[in-house]
Each structure stands twice: as C-alpha cells, then as structure tokens.
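These are the residues of each chain, in order.
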Amino acid sequence: MKRISLIFKAPFEVDIAEQSLPSIAATEVLVKTKFSAISHGTEMLLYRGLFPDDLAVDETISELQRPLRYPLKYGYCAVGEVIEVGAEVSKDFVGRMVFCLHPHENCFPAGVDRILPVPEDIHPLDALFLANMETAVNFLMDGRPVIGEKVAVLGQGVVGLLTAALLAKFPLAALLTWDNFELRREASLSLGANLTLDPTVPDDLQKAIEHLKRGASEGSADLVYELSGNPAAINTAIAIAGFDGRIVIGSWFGKQLAALELGGRFHRRRIRLISSQVSTVTPALSARWSKHRRFDVAWDMIRQIRPARFITHQIPFVRVKEAFELIEKDPASTIQVVLAYAPR
C-alpha cells in the first residue's frame, strides 16, 4: 500500500507526496483513513507561515514531536478503519473505526495507545470533531461558568460553535456570540445563542452592552471566551468584561502580536486573563480528571450536538490544494472543510 501524505511546503503551498509505509510494530495498528478535518485556526496559521519556529509542532503527539518548520506534516483530526494489527494487538481491532490525533495521510501506523475506538452509535463524520469537542470541554473546565452568569464567545468557527453549544446547556442569564461571517452567526443562533453580533459593524459593541444590561445595572459579562484567532479581539473582551471578569483566551495567535489596552478598564476592574490549551488538564482539576475522562465527556457531547452539521464541504484528498485555497479565499462560505479519502 502506498502512503500518501499532505505536506506543508512553504507559505500558501501544500502538496501531497508519496512516502514509504513502515512495517507496523508489535504494539501498533495500521489505519486506513476515511476522513480528516482541516483546522481552520491552527492549521491555517501553518498554511500562511504565521507560526513561531522555536517550538515543536506538538509536544503531546508523538508523530508531531519535531521542529516547527517547513516542510512538515500536520493535522490532528483523522478517522479511519483498522486494517491490520501488530503481533501483540488483539485482532478484535481489525475492522474497527478509530479516531487518531494524526496528520493528513491516506494510511498510517499508530500505537494502540494513540487510537480511540469510535463508539458504534457515533457516525465517522461526527467523530471527526472529537479533538475540537475536547477543546470546547476544556474551555468550560477552565472558564467555570456559573448559573445565572452572562457569557460571551468571540469567534464562531468550529471550536467557538462547539463552545457556544455547550454553554447553551447551562442556565445562563445571557449568551452572546461574535463572528464576521453570517453563515457562522446563523449556526450560533441555532445552537442557543441569545444574540450574535458582527464585529465589523461599528455599533456592535454598544448593542452587546445594551443586551447585557437587561435585568442588571451594568452592561458587562462575567465570562468571555476569545476564540476568534484575531489578537485585536482581546480588547473587545476587555471592553465587555465586568469587575473580576474572566477572559479565557483559547486562540493560538502564532507570530501575531496582541496590542492590549491594559490602562483603563482592565486595570481597575481586576479582569483575569486565563490561558487555555487542551494538551493538558487544568491543575485545579487534575487530581480527579484525566484526558481519558475528558474524552468520555467529549464523546457524550458529540452524541448530543451531532457536529457533522457544521461540515460545509467534503473535498477529495487528492484535491487538497483546493481545500486550503477555499478556506483562505472564501472563508465566509466555510465552517468545517473535510478531506475524504478514496475507498480501498
């Protein structure tokens, strides 16, 4: 079998390349990929060349523990079928659909400890969202929403939508969302947002403040999530956060710098900035929570939300250049772009 991989070659340049497929080790399985999902956040920073070159690609995924520089393989949302197992792996795995945090390629060996069997009641296209759902679950664990709070989510890409969907299950006083694109704002409303706003409209901030004043003397939010990938959005978060408000920053900005307005409201209101990243569990909960337990919650949330509805495009893997060009040139038409691999 030929191993065909997506390669990030240079800014705005991706291609597929044939590589040798190593023999699987005794504790590995061979996965034939069915679908993989492109990250419209982190992965597009790599596509644009906006990543720092002093980090590993990913410190927690064995396949990605190498310098972050071109040429490179990347991706972390792959679903496929186990077609072969190593000598020490149960043959019961053969034929199982599994999820793996793995770069885009048509087949790959993976340690049995790296694969997550997809529950039989979850469709492979829904399973593609496991990594992003785990991220959304982690955001709620780090932000700790409280009954009756007013919450805002800046950015309604896939992770922002999933975060809003989870927040909508809480008995909040208000749930506001922001996004540049109408398609995503409409999806946000369908998930339970009370109000969704366009940050390109001049009076959107005033509309938010007026909405947050309902039933309260002050138009501010208790908890704000910055998930837009735009460093300037942190200042919007500061502008709407109330006294002792929490701002969870889930975006990865790469080389983009944030010019923060810390001289006014931020200083006097004791606003807290919280860094949230899914590779680890917050130390405050790690005595009782593991990544395995968090994945179990993510699977349950996938069952409830059925996130495959956010897939706007399925594009054959061999046309991967078109997929990245679409996201780059026409983001308003996309929520989640998926690569589909030819059957055996």
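Structural data are supplied above this passage.
Below is a summary of the structure that appears in this document.

**A word on the overall build of the protein chain**
Part 1: A tally of regular secondary structure across the protein chain gives ten helices and 15 strands.
Part 2: In terms of C-alpha radius of gyration, the protein chain reaches 21 Å, essentially the compact-globule figure of 20 Å for 344 residues.
Part 3: Considering only C-alpha atoms, the protein chain reaches an extent of 65 × 40 × 35 Å along its principal axes.
Part 4: Looking at the protein chain residue by residue over its 344 residues, the buried ones come to 52%.
Part 5: Here the protein chain has roughly 15500 Å² of accessible surface; of this, 52% comes from carbon and sulfur atoms.
Part 6: Averaging the positions of the 38 positive and the 40 negative side-chain charges in the protein chain gives two centres separated by 3 Å.

**Overview of the packing of helix 3 (residues 130–143) against helix 4 (residues 158–167)**
Part 1: One can describe the packing of helix 3 onto helix 4 by two numbers: an axis separation of 9 Å at closest approach and a directional angle of 55 degrees. Considering the angle they form, helix 3 stands oblique to helix 4. In the crossing of helix 3 with helix 4, the sense of the turn from one axis to the other is right-handed. Residues Asn-132, Met-133, Thr-135, Ala-136, Val-137, Phe-139 and Leu-140 of helix 3 lie in contact with helix 4, whose contacting residues are Val-158, Val-159, Leu-162, Thr-163, Leu-166 and Leu-167.
Part 2: Residues of the contact of helix 3 with helix 4, tallied by class, amount to ten nonpolar, three polar and no charged.

**As for the packing of aromatic side chains**
Part 1: Scanning the model with the defined rule gives seven aromatic pairs in all.
Part 2: Put simply, the rings of Phe-8, Phe-12, Tyr-47 and Phe-324 touch in pairs and so form one group of aromatic residues.

**Things to note about the pattern of salt bridges**
Part 1: Applying the stated criterion across every chain yields a total of 14 salt bridges.
Part 2: One salt bridge in this structure joins Arg-246 and Glu-149, with 2.9 Å as the shortest N-O distance. Placement of Arg-246 in strand 12 (residues 241–249) and of Glu-149 in the loop between helix 3 and strand 8 (150–154) is noted, with a sequence separation of 97 residues between them.
Part 3: When its relative accessible area of 10% is taken as the criterion, Glu-149 is described as buried.
Part 4: Notably, a salt bridge pairs Arg-185 with Asp-198, separated by 3.6 Å at the nearest N-O pair. In this pair, Arg-185 is assigned in helix 5 (residues 182–191) and Asp-198 in the loop between strand 10 (195–197) and helix 6 (204–212), connecting sequence segments 13 residues apart.
Part 5: A residue is classified by how much of its surface remains accessible, and Arg-185, at 16% relative accessible area, is buried.

**Brief notes about the side chain of Gln-156**
Part 1: Looking at the element boundaries, Gln-156 is found in the loop between strand 8 and helix 4.
Part 2: Residues in contact with Gln-156, not counting those within four places in the same chain, are Leu-161, Ala-164, Thr-177, Trp-178, Asp-179, Arg-184 and Ser-188.

**Considerations on a nonpolar patch on the surface**
Part 1: A surface patch of nonpolar side chains, about 210 Å² in accessible area, is lined by Leu-260, Leu-262 and Leu-273.
Part 2: Mapping Leu-260 onto the fold places it in the loop between strand 12 and helix 8 (265–268).

**Re the sheet that holds strand 8**
Part 1: Ordered by their spatial adjacency, six strands build an open sheet running 10-9-8-11-12-13, and the pairing between neighbours is parallel. The open sheet terminates on both sides in strands that have one partner only, identified here as strand 10 and strand 13 (272–275). Averaged over all neighbouring strand pairs, the angle between strand axes comes to 20 degrees, with direction disregarded.
Part 2: Sheet topology note: the strand 9 (residues 174–178)/strand 10 ladder contains three bridges and is parallel. Directly across from Trp-178, in strand 10, lies its bridge partner Leu-197.
Part 3: With respect to the sheet, helix 6 is in contact with strand 8, strand 9, strand 10 and strand 11 (221–226), its orientation differing from that of strand 9 by roughly 170 degrees.
Part 4: Sitting on the sheet, helix 7 (residues 233–240) is in contact with strand 8, strand 9, strand 11 and strand 12, with an inclination near 150 degrees to strand 12.

**Thoughts on helix 9 (residues 291–305)**
Part 1: Compared with the 21 Å implied by 1.5 Å per residue over 15 residues, the 20 Å span of helix 9 between its first and last C-alpha is a close match.
Part 2: Among the residues of helix 9, those classed as buried are Arg-294, Phe-295, Ala-298, Trp-299, Met-301, Ile-302 and Ile-305. Burial along helix 9 is one-sided: seen end-on, the buried residues are contained in an arc of 165 degrees.
Part 3: The elements touched by buried residues of helix 9 are strand 5 (97–100), strand 7 (115–117), helix 2 (124–127), helix 3 and helix 4.
Part 4: Looking one or two places after helix 9, you find Arg-306, whose phi comes out positive at around 50 degrees.

**Looking at unusual backbone geometry**
Part 1: Here Tyr-70 and Pro-71 are connected by a cis peptide whose omega angle stands at -15 degrees.
Part 2: Note that Pro-71 resides in the loop between helix 1 (42–48) and strand 4 (78–85).
Part 3: The phi dihedral of Phe-12 falls on the positive side, at around 65 degrees, and the residue is not glycine.
Part 4: By the element assignment, Phe-12 lies in the loop between strand 1 (3–10) and strand 2 (13–19).
Part 5: In this structure Phe-12 comes out as partly exposed when scored by relative accessible area, which is 46%.

**Structural notes on the nonpolar core**
Part 1: Core analysis: the largest hydrophobic core is formed by 71 residues, its most contacted members being Phe-8, Tyr-225 and Phe-324.
Part 2: Per-element tally for this core: the top contributor is helix 3, with eight residues.
Part 3: Ignoring any residue separated from it by four or fewer positions in sequence, one finds Tyr-225 in contact with Phe-139, Leu-140, Gly-143, Arg-144, Pro-145, Val-151, Ala-152, Val-153, Leu-154, Thr-163, Leu-167 and Val-248.
Part 4: In this structure, Ala-152, Ala-208, Ala-241 and Ile-249 belong to the second largest nonpolar core, which totals 21 residues.

About the thresholds
- Position numbers for residues count from 1 along each chain, tracking the sequence in the order it is written.
- Under the rules for a predicted model, residues below a pLDDT of 70 receive no local features and side-chain atom pairs below 80 are neither given nor counted, while totals for whole chains, interfaces and linings still include all residues.
- The side-chain quantities take in all heavy atoms of the structure and omit both hydrogens and water.
- Helical segments are the DSSP runs of H or I of at least four residues, strand segments are the runs of E of at least two, and each set is numbered from the N terminus.
- The globule rule used for comparison is 2.2 Å times the number of residues to the exponent 0.38, while the radius of gyration itself is calculated over C-alpha atoms.
- Burial here depends on accessible area, computed with a 1.4 Å probe over protein chains only, as a share of the maximum for the residue type. Under 20% is buried, over 50% is exposed, and the range in between is partly exposed.
- Values of accessible area rely on a 1.4 Å probe in the Shrake-Rupley scheme; residue burial ignores everything except the protein chains shown.
- Working convention for charge: Lys and Arg count positive, Asp and Glu count negative, and His plus the chain ends are omitted.
- The location of each charge is read from NZ of Lys, CZ of Arg, CG of Asp or CD of Glu.
- An axis is simply a line fitted to the C-alpha atoms; with a helix, the fit covers only the stretch in contact. Between two such axes, the angle follows the N-to-C directions and lies from 0 to 180 degrees.
- What sets the label is the angle itself: under 35 degrees gives roughly parallel, over 145 gives roughly antiparallel, 65 to 115 gives roughly perpendicular, and the rest give oblique.
- Handedness of a helix crossing follows the sense of rotation of the near helix relative to the far helix, less than a right angle counterclockwise being left-handed and clockwise being right-handed.
- Throughout, a residue-residue contact means that at least one pair of heavy atoms, one from each residue, lies within 4.5 Å.
- When residue character is reported, Ala, Val, Leu, Ile, Met, Phe, Trp, Tyr, Cys and Pro are called nonpolar, Asp, Glu, Lys and Arg charged, and the others, Gly included, polar.
- Two aromatic rings, drawn from Phe, Tyr or Trp (for Trp, its six-membered ring), form a pair once their centres lie within 6.5 Å of each other, and the interplanar angle then sorts them: stacked below 30 degrees, edge-to-face above 60, tilted otherwise.
- Here, a salt bridge means any Lys or Arg side-chain nitrogen found within 4 Å of an Asp or Glu carboxyl oxygen.
- The residues that make up patches have over 30% relative accessible area and no salt bridge, and they are joined within 9 Å when like-charged or within 5 Å when they are Val, Leu, Ile, Met, Phe, Trp or Tyr.
- Think of it this way: DSSP has to see at least two bridges between two strands before they count as a pair.
- In this scheme, a helix's expected span is set at 1.5 Å multiplied by one less than its residue total.
- Taken from the helix axis, the directions to the C-beta atoms give the arc we talk about.
- Nonpolar cores are built from buried Ala, Val, Leu, Ile, Met, Phe, Trp, Tyr and Cys residues. Side-chain atoms within 4.5 Å join them into one set.

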